[in-house]
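Residues per chain are reported as follows:
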Amino acid sequence: MNELLNMQDLIDSRTVTRSLPELIEELPRILASPKIQGTLCGISIRPEHSKRRLCKDLHVSAALGATGDLWVDDGWMKDANGAPHPDIQLTLINSRCINFIAGGAHRWHLAGDNLAVDLDLSEENLPVGQKLQIGDAIIQITDVWHGPCNKFLDRFGRDAVRFTAGQKWRRYRLRGVHAKVTRDGDIRVGCVVKKI
């Protein structure tokens, strides 16, 4: 795979916006995601602004995050030394959730998350500090809130923002979670994602 996409091409494709009632109706199916062991359904990185590279496999590391992603050079959050903050190295989103919001897997990458996983990302299931093994890598859920940005609003609509960030549903982390790499390794679409 390793296909490079221009975000504008996806944005200009058939726009899908879900109403809040439609999103709420889908919630039980999203929440039925596996709790202990799920699947890595999609990988993407941001090699440059407004671009996404879809990958079938990827090396992740504590030094670089998702290899080839902008995080290492352009992370929005810095540590005390001005380096990209390790707590935002990777972003995960529930594949069932983004599939419904985006209107299909071909538009998942508009959300900007590195890993689309079929796994329950809720606070109850994945508390801060919870580790996940993906391939031979280990990542850890961090406490940085992953909320929808203006681009998410533009691409998926106001109701998608309300659904993913609203106080009523916030504990489900429908917009996703941030994670850091605690053991370098290789990951691949289709591999197991499991709590450890």
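Model, not experiment: these values are computed from the prediction.

Moving on, we come to the overall build of the protein chain. When helices and strands are counted, the protein chain shows 6 helices and 12 strands. A globule of 196 residues ought to have a C-alpha radius of gyration of about 16 Å, and the protein chain, at 15 Å, matches this closely. For the C-alpha atoms alone, the extent of the protein chain along its principal axes is close to 40 × 35 × 35 Å. When each of the 196 residues of the protein chain is scored for burial, the buried share is 49%. In the protein chain, of all internal contacts separated by at least 6 residues, the share reaching a separation of at least 24 is 74%.

If you trace the 3 strands from one edge of the open sheet to the other, you get β5-β4-β11, paired in antiparallel fashion. Each of the sheet's edge strands pairs with one partner strand only, and the pair in question is β5 (65-66) and β11 (185-188). Inspection of the sheet shows strand β4 (residues 57-61) paired to β5 by 2 bridges, in the antiparallel sense. In the strand pairing of β5, Ser-61 is matched with Gly-65.

Taking 1.5 Å as the rise per residue, helix α2 (residues 20-31) with 12 residues should run 16 Å; its terminal C-alpha atoms sit 16 Å apart, in good agreement. Every buried residue of α2 is listed here: Leu-20, Leu-23, Glu-26, Leu-27 and Ile-30. All buried residues of α2 lie within an arc of 145 degrees about the axis, which places them on one face of the element. For α2, the exposed residues lying more than 90 degrees away from the buried face are Pro-21, Glu-25 and Pro-28. On its buried side, α2 packs onto β6 (90-94), α4 (95-102) and α6 (158-165).

Before going further, it helps to examine the side chain of Asp-118. As for its position among the elements, Asp-118 is in strand β7 (residues 115-118). Overall, Asp-118 belongs to the buried group, its relative accessible area being 16%. Side-chain polar atoms of Asp-118 contact the side chain of Arg-96, separated by 2.7 Å. Discounting chain neighbours no more than four positions away, the residues touching Asp-118 are Ser-33, Pro-34, Gly-38, Thr-39, Cys-41, Ser-95 and Arg-96.

Turning our eyes to something else, we now look at the packing of aromatic side chains. According to the stated counting rule, one finds 2 aromatic pairs in the structure shown. Of note, Arg-18 hangs over the ring of Phe-100, and the distance from its end group to the ring centre comes to 4.1 Å. Over the face of the ring belonging to Trp-145 we find Arg-170, whose NZ or CZ atom lies 3.8 Å from the ring centre.

Right, let's get into α6. Taken together, the buried positions of α6 are Ala-160, Phe-163 and Thr-164. One side of α6 holds all its buried residues, which, seen down the axis, span an arc of 90 degrees. Against α2, α4 and α5 (150-156) lie the buried residues of α6.

A word on the nonpolar core. Formed by 25 residues in total, the largest nonpolar core has its most connected members in Leu-40, Leu-92 and Ile-187. If near-sequence neighbours (up to four positions away) are discounted, Leu-92 is found in contact with Asp-113, Leu-115, Val-117, Leu-121, Leu-132, Ile-139, His-146, Arg-175, Gly-176, Val-177 and Ala-179. The next biggest cluster of nonpolar side chains, apart from the first, holds 21 residues, and it includes Leu-23, Leu-27, Ala-111 and Phe-152.

Cut-offs and rules
Residue indices begin from 1 for each chain and proceed along its sequence in written order. A pLDDT threshold of at least 70 governs which residues receive local features in this predicted model, and a stricter bar of 80 or more applies before side-chain atom pairs are shown or counted, although totals over entire chains, interfaces and linings include all residues. Hydrogen atoms and water are omitted, and side-chain values are computed over all heavy atoms in the structure. Numbering goes from the N terminus for both helices and strands, where a helix is a DSSP run of H or I of at least four residues and a strand is a run of E of at least two. To get the radius of gyration, use the C-alpha atoms; to get the globule rule, take the number of residues to the power 0.38 and multiply by 2.2 Å. A 1.4 Å probe rolled over the protein chains alone gives each residue an accessible area, and that area as a share of the maximum for its type sets the label: buried under 20%, exposed over 50%, partly exposed in between. For this analysis, residues touch if any pair of their heavy atoms sits within 4.5 Å. The criterion for strand pairing is that DSSP finds at least two bridges linking the strands in question. The length a helix should cover is 1.5 Å for every residue beyond the first. Read the arc as the range of directions from the helix axis to the C-beta atoms. We define a polar contact as two N or O atoms separated by no more than 3.5 Å, with the added condition that, inside protein, one atom must be a possible hydrogen donor and the other a possible acceptor, whereas residues neighbouring each other in sequence contribute only through side-chain atom pairs. Stacked, tilted and edge-to-face are the three classes assigned to paired rings of Phe, Tyr and Trp, where Trp is represented by its six-membered ring and a pair needs centres within 6.5 Å; plane angles under 30 degrees give stacked, over 60 edge-to-face, the rest tilted. By definition here, charges over rings are those cases where NZ of Lys or CZ of Arg is within 6 Å of the ring centre and within 35 degrees of the ring normal. For our purposes a nonpolar core is just a set of buried Ala, Val, Leu, Ile, Met, Phe, Trp, Tyr and Cys residues, chained together by side-chain atoms within 4.5 Å.

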